Amino acid sequence: VQDGPQTLEVGSEDAGSRLDVFLAARLRLSRAQTRRLLARGAVRVAGRAVAEDAKGVALQPGETVDVAPFARPATLFNRAKLEGYMAEMGKEPRA
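Now for a description of the structure that goes with this document. Just so you know, these numbers come straight off a predicted model, no measurement behind them.

### Brief notes about the sheet that holds strand 5 (residues 64-67)
Here is step 1: Pairing is antiparallel in the open sheet, where 4 strands are placed in the order 2-5-3-4. Each of the sheet's edge strands pairs with one partner strand only, and the pair in question is strand 2 (6-9) and strand 4 (48-49).
Here is step 2: Across 3 bridges, strand 3 (residues 43-45) lies against strand 5 in antiparallel orientation. In the strand pairing of strand 5, Arg 44 is matched with Asp 66.

This is the structure we're talking about:
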């Protein structure tokens, strides 16, 4: 699943949040997945590109966080659909 580019605004409730925690919550990703976005150079804060080592940067209210398009991990695949496909193929899904 591909997500398009996104611009997220840091609200007062997010002030002081770490960048990786903010991204994980807003994009519904794990922190490891957000670190991969950072490592890829897919994130900009207040118009400036940030790298993976910026994961702990404290965000300020009113800042914008831009995220380039990215593919969501396959682990978010709907389990019911997966089980249906496997049943069609005559295979048992693992627990």
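Moving on, there is more to tell.
### Overview of the nonpolar core
Here is step 1: Ranked by internal contacts, the top residues of the largest apolar core, which has 18 residues, are Leu 19, Leu 23, Leu 27, Leu 37, Val 43, Val 65 and Val 67.
Here is step 2: Elements represented by at least two residues in this core include exactly helix 1 (19-27), helix 2 (31-39), strand 3 and strand 5.
Here is step 3: Broken down by element, this core gets its largest block of residues, 4 residues, from helix 1.
Here is step 4: When neighbours within four sequence positions are excluded, Val 67 is seen to be in contact with Gly 4, Pro 5, Gln 6, Leu 8, Leu 23, Leu 27, Leu 37 and Ala 42.

### So, the environment of Ala 32
Here is step 1: Position of Ala 32 relative to the elements: it lies in helix 2.
Here is step 2: The spacing of Ala 32 and Asp 20 is 12 residues in sequence and 8.5 Å in space, taken between C-alpha atoms.

### Considering unusual backbone geometry
Here is step 1: Unusually for a residue other than glycine, Arg 28 sits at a positive phi of about 55°.
Here is step 2: Along the polypeptide, Arg 28 turns up in the loop between helix 1 and helix 2.
Here is step 3: Accessibility expressed as a relative area gives 66% for Arg 28, which makes it exposed.
Here is step 4: Even without being glycine, Ala 46 reaches a positive phi, approximately 55°.
Here is step 5: Checked against the element boundaries, Ala 46 lands in the loop between strand 3 and strand 4.

Parameters and conventions
- Residues numbered from 1 in each chain as written.
- Predicted model: local features only at pLDDT ≥ 70, side-chain atom pairs only at ≥ 80, totals over all residues.
- Heavy atoms only, no water.
- Pairing = 2+ DSSP bridges.
- Helix = DSSP H or I, 4+ residues; strand = E, 2+ residues; numbered from the N terminus.
- Core = buried A, V, L, I, M, F, W, Y, C linked by side-chain atoms within 4.5 Å.
- Buried < 20%, exposed > 50% of the residue type's maximum accessible area, 1.4 Å probe, protein only.
- Contact = heavy atoms within 4.5 Å.

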